[in-house]
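Residue-level structural notes
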Amino acid sequence: MPSHGLAVSNIDVIVFRQHRYSTWGRLMSTPTFTARKYTFIQIALWLTLVMVPGVTLGQHISDWFEHSWLSWTFDTGRMRVLPASAAAPGADAQLSWGGQVHMNLHNPSASDRLTAMLPSAAVSALVMTASAVLLRLVDAAQRGRPFAPASVGGIRLLGALAVVGGVVVPLANGYADSRLADRALAEPIGFEAHFPFAWFVAAGLLFALAEVFRVGNRLEAEVEGLV
């Protein structure tokens with residue numbers, strides 16, 4: 001009898017564990033996307049990877065080659081009218097009612113051009129890196145291993161990119177605003193950077209999602225061990 005009771009207990013444990021993981025197993029075995037949808041997502045990510053530098057930096061480079069004025073707009077929060085003497089020699093500037101300064105450098109230097117490209121270059125680098133990581137995640141999902149350790153690392157990398165973007169992009173914008181304003185305005189405005197809270201919220205959600213995928217990878221290994 002004791003041996004029979006032990007055998008029944010083992011069967012109960014196996015049935016319980018199989019029931020526990022049955023929903024998870026169906027989730028992993030049921031394809032969420034068709035092959036055509038996977039292909040469409042991959043094409044979209046590849047186009048993003050290739051086109052982002054041209055979209056974000058193309059106008060800057062074109063203006064540089066055409067020797068056009070360097071136009072720049074930034075928000076000061078100052079609700080006043082700029083006097084005619086506010087613009088430095090070789091520039092013009094005007095302040096809108098919303099506190100935005102619209103200015104033009106008539107003879108910008110190479111340093112001015114590169115400074116203006118800095119925020120766009122930072123955004124471009126972040127988007128290209130994120131697109132490359134998403135391509136890896138889509139590839140893992142297409143092969144039926146969405147919870148692979150590489151996918152967990154990829155999602156964590158996306159979270160880290162959100163943190164970096166929330167710091168680097170505002171700093172790049174603040175530096176460009178300050179540097180170009182010093183060139184266009186007779187009176188310096190100083191350095192200001194505004195860090196968006198949403199970037200850090202997104203980072204937290206991505207780190208939480210990575211933890212979910214890590215648990216999913218462990219459960220997947222346990223399910224495979226039962227089969």
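For the structure, check the block above.
Computed from a predicted model, the values in this text were never measured in an experiment.

1. Structural notes on helix α4 (residues 149-184)
Over its 36 residues, α4 extends 51 Å from the first C-alpha to the last, a length consistent with the 52 Å expected when each residue adds 1.5 Å. Gly165 marks the point of greatest bend in α4, at about 30°.

2. Observations concerning the pattern of salt bridges
Counted by the stated rule, this structure contains 4 salt bridges. Notably, a salt bridge pairs Arg179 with Asp112, separated by 3.2 Å at the nearest N-O pair. Of this pair, Arg179 sits in helix α4 while Asp112 sits in helix α3 (residues 110-142), placing them 67 residues apart in sequence. Arg179 gets classed as partly exposed once you look at its relative accessible area, which sits at 23%. The exposure class of Asp112 is buried, given its relative accessible area of 0%. Arg214 is paired through a salt bridge with Glu211; the nearest N and O atoms lie 2.5 Å apart.

3. Focus on unusual backbone geometry
Positive phi, close to 55°, is recorded for His67, a residue that is not glycine. Looking at the element boundaries, His67 is found in the loop between α2 (35-65) and β1 (70-75). With a relative accessible area of 67%, His67 lands in the exposed category.

Scoring rules and cut-offs
Residues numbered from 1 in each chain as written. Predicted model: local features only at pLDDT ≥ 70, side-chain atom pairs only at ≥ 80, totals over all residues. Heavy atoms only, no water. Helix = DSSP H or I, 4+ residues; strand = E, 2+ residues; numbered from the N terminus. Expected span 1.5 Å × (residues − 1). Bend = angle between axes of the 7 residues up to and from the residue. Salt bridge = Lys/Arg side-chain N within 4 Å of Asp/Glu carboxyl O. Buried < 20%, exposed > 50% of the residue type's maximum accessible area, 1.4 Å probe, protein only.

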